[in-house]
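Descriptive structure summary
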Amino acid sequence: MIENQANDPSRTSWIPVPENSDFPIQNLPFGVFIPEDDIITTGTRIGDTAIDLSALQQLGYFKGIDLPDDVFLQDTLNDFIALGRPTWRRIRNRLAELFDENNMTLKANVAHQNQVLFPVDHVQMLMPVFVQDYTDFYSSIEHATNVGMMFRDPENALLPNWKHIPVGYHGRSSSIVISGVDLHRPKGQRMAPGADAPTFGPSVRMDFELEMAFVTGEGKPLGHRIKAEEADEYIFGMVVFNDWSARDIQKWEYVPLGPFLGKNFGSSMSPWVVTMDALAPFKVEGPQQDPPVLPYLETTGKNNYDIHLEVGLTPEGKTESVISRSNYKYMYWNQRQQLAHHTVNGCNINAGDMMASGTISGPTKDSYGSMLELSWAGKEPITLGTGDTRTFIEDGDTVTMRGWCTNGTTRIGFGEVRTRLLPAIED
Ligand code: CA
């Protein structure tokens, strides 16, 4: 068992960290970037400095840690993730040591620093993982209740399975993009209320879904399950995730097999994967589960995380308004239950698979995680700080989601996932 030593709240770094930064030395997330005129590398970040892990390895700073020679000189984190939690921990522990205020090894070696450190605004972030499989859960009871009330029966908003199964579906992994990549409004079929035939055209109910996703480690062979009590060994880290949704397309197509073209045109994620180790100080207990879950889904103790979430909406050429403030701690089903359920039938998982939470709505109207809920299916437009009103997302709007944890001494954040919605492509 390798101790997690990288979370020491009293440690400071010789790399400057701006006040309220999401990336103090206690975070040490993992990402993939391309420095100006250089080659793609995997890296980490402290403050506003991106750190090249392949250069650190070549310069011998990971000596004593058993690593393949080229594990960081990759265009994804998958090979590193596949090495497992003891290695993730050894690397974070070494980084914490190396960038500690009191460690002169690299602090005093400017030549090496020039090969390793880059201002974040001089690097281009890339997709951090190759996502072989993407699963989207539906684990917020507030969200599932709201949607059930709108689309089905207010008296029986939750379907009979909801409190027994962490409901989910397999989504499309290759249309997941990172922050900064614009998306086009999708086109498709929809059935207008009261109409007797569907029409085709650009979605008129474009929506975001405020979610978080966890990235898995290398799983077990096909046929073997990951138990809830061992799930933490198989979860690498998390990102903020915007699961874009075209509500009109979704509503017409989703019976009987579930989400399809209303979802698969694009999902957006924040570029730095924050490890579960970095998030450990922010564990909290989840909601009471009633009725009790089946034994294979039982978990005890603190399995939720206190992660503040917010959504900003910026009309083209205008200023941002924060339209939702939620928290990951509201999740009814936790990650360990999600992973245990996903694999209980022997389904395999791969290093780098993405498992999204489902829309994370809180209990109050200002904490709802989608426009569908914020505008109550378009019936109650919201007013932005600019005076503009919205029921759904309009062309040129930018949606920005942020996530962070804080306990008064340490702030660990995810940065942001920012996406502009472009008009539908005309053809
Ligand atoms: Ca979703």
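None of these values were measured; they are calculated from a predicted model.

So, on to the overall build of the protein. Looking only at helices and strands, the protein features 10 helices and 26 strands. Across the 427 residues that make up the protein, the buried fraction comes to 57%. A sequence separation of at least 24 residues applies to 72% of the contacts in the protein between residues at least 6 apart. Entry remark: accessible area of the protein is about 18,300 Å², with carbon and sulfur atoms responsible for 50%. One way to put it: in the protein the 35 positive side-chain charges average out to a point 3 Å from where the 55 negative ones average out.

A few words on the sheet that holds strand E26 (residues 411-422). Read from one edge to the other, the open sheet built from five strands follows the order E9-E26-E25-E20-E21, with strand pairing classed as mixed. Every interior strand has two partners, whereas the edge strands, strand E9 (183-184) and strand E21 (321-327), have only one. Relative to E26, E9 runs parallel, the two being bridged by two bridges. Bridge pairing in E26 places His184 opposite Leu422.

Turning to empty space enclosed by the protein, a few remarks are in order. All chains considered together, the criterion is met by one cavity of 30 Å³ or more. In this structure, the largest cavity spans a volume of roughly 40 Å³. Along the walls of the largest cavity sit Asp232, Lys283, Asn303, Tyr305, Gln335 and Arg336, which together make up its complete lining. When the residues that make up the lining of the largest cavity are grouped by side-chain class, the tally is one nonpolar, two polar and three charged.

Our focus in this paragraph is the nonpolar core. If you look at the biggest cluster of nonpolar residues, it comprises 53 residues, and the most contacted ones within it are Leu56, Phe99 and Met354. At five residues, helix H3 (residues 85-98) tops the list of elements feeding residues into this core. Leu56 has contacts with Ile51, Tyr61, Phe62, Leu95, Leu98, Phe99, Leu106 and Val116, leaving out every residue within four places of it along the chain. Met206, Met238, Met331 and Met355 belong to the second largest nonpolar core, which has 52 residues in total.

Attention now moves to the pairing of strand E20 (residues 308-314). Among the seven residues that make up E20, six are buried, leaving the element largely enclosed by the rest of the structure. Bridge analysis of E20 against E21 gives six bridges, and the strand direction is antiparallel. Pairing of Gly312 across the sheet is with Val322, part of E21. Between E20 and E21, which follow one another and run antiparallel, lie six residues, and Gly317 among them has a positive phi close to 75 degrees. One ladder, built from seven bridges, connects E20 with strand E25 (residues 398-406); its direction is antiparallel. Directly across from Thr314, in E25, lies its bridge partner Thr398.

Below, the discussion takes up the coordination of the calcium ion. All of the protein donors around the calcium ion are Asp136 (OD), Glu209 (OE), Glu211 (OE) and Asp243 (OD); their distances to the metal are 2.2 to 2.3 Å. Counting gaps between the donor residues of the calcium ion yields the pattern D-x72-E-x1-E-x31-D. With Asp136 in strand E6 (residues 134-137) and Glu211 in strand E13 (residues 210-216), this residue pair connects regions lying 75 residues apart in the sequence. Grouping residues by exposure puts Asp136 and Glu211 together as buried.

Right, let's talk about helix H9 (residues 335-343) for a bit. With respect to burial, H9 is a largely interior element, nine of its nine residues being buried. Residues of H9 that are buried: Gln335, Arg336, Gln337, Gln338, Leu339, Ala340, His341, His342 and Thr343. In this structure, the buried side of H9 is in contact with E6, strand E7 (168-171), E13, strand E14 (235-242), helix H8 (276-279) and strand E22 (354-356). In this structure Asn334 caps H9, since a side-chain oxygen of it lies 3.0 Å from the backbone nitrogen of Arg336.

Size it by volume and the largest pocket reaches roughly 530 Å³. Mapped by element, the contributors of at least two residues to the lining of the largest pocket are E6, helix H6 (141-151), E7 and helix H7 (247-253). Considering every element that reaches the lining of the largest pocket, the biggest residue donor is H6, with four residues. Taken together, the residues of the lining of the largest pocket sort by class into 15 nonpolar, seven polar and six charged.

What counts and what doesn't
Residues numbered from 1 in each chain as written. Predicted model: local features only at pLDDT ≥ 70, side-chain atom pairs only at ≥ 80, totals over all residues. Heavy atoms only, no water. Helix = DSSP H or I, 4+ residues; strand = E, 2+ residues; numbered from the N terminus. Buried < 20%, exposed > 50% of the residue type's maximum accessible area, 1.4 Å probe, protein only. Contact = heavy atoms within 4.5 Å. Areas by Shrake-Rupley, 256 points an atom, 1.4 Å probe, with all protein chains shown as cover. Lys, Arg positive; Asp, Glu negative; His and termini not counted. Charge placed at Lys NZ, Arg CZ, Asp CG, Glu CD. Pairing = 2+ DSSP bridges. 1 Å grid on protein atoms, 1.4 Å probe; cavity = no way out; pocket = protein on both sides within 12 Å on 5 of 7 lines; lining within 4 Å. Points joined across faces, edges and corners; volume = space filled by probe spheres on them. Nonpolar A, V, L, I, M, F, W, Y, C, P; charged D, E, K, R; others polar. Core = buried A, V, L, I, M, F, W, Y, C linked by side-chain atoms within 4.5 Å. Donors = N, O, S within 2.8 Å, 3.2 Å for Na, K, Ca; no water. Polar contact = N/O pair within 3.5 Å; in protein donor to acceptor, adjacent residues only side chain to side chain.

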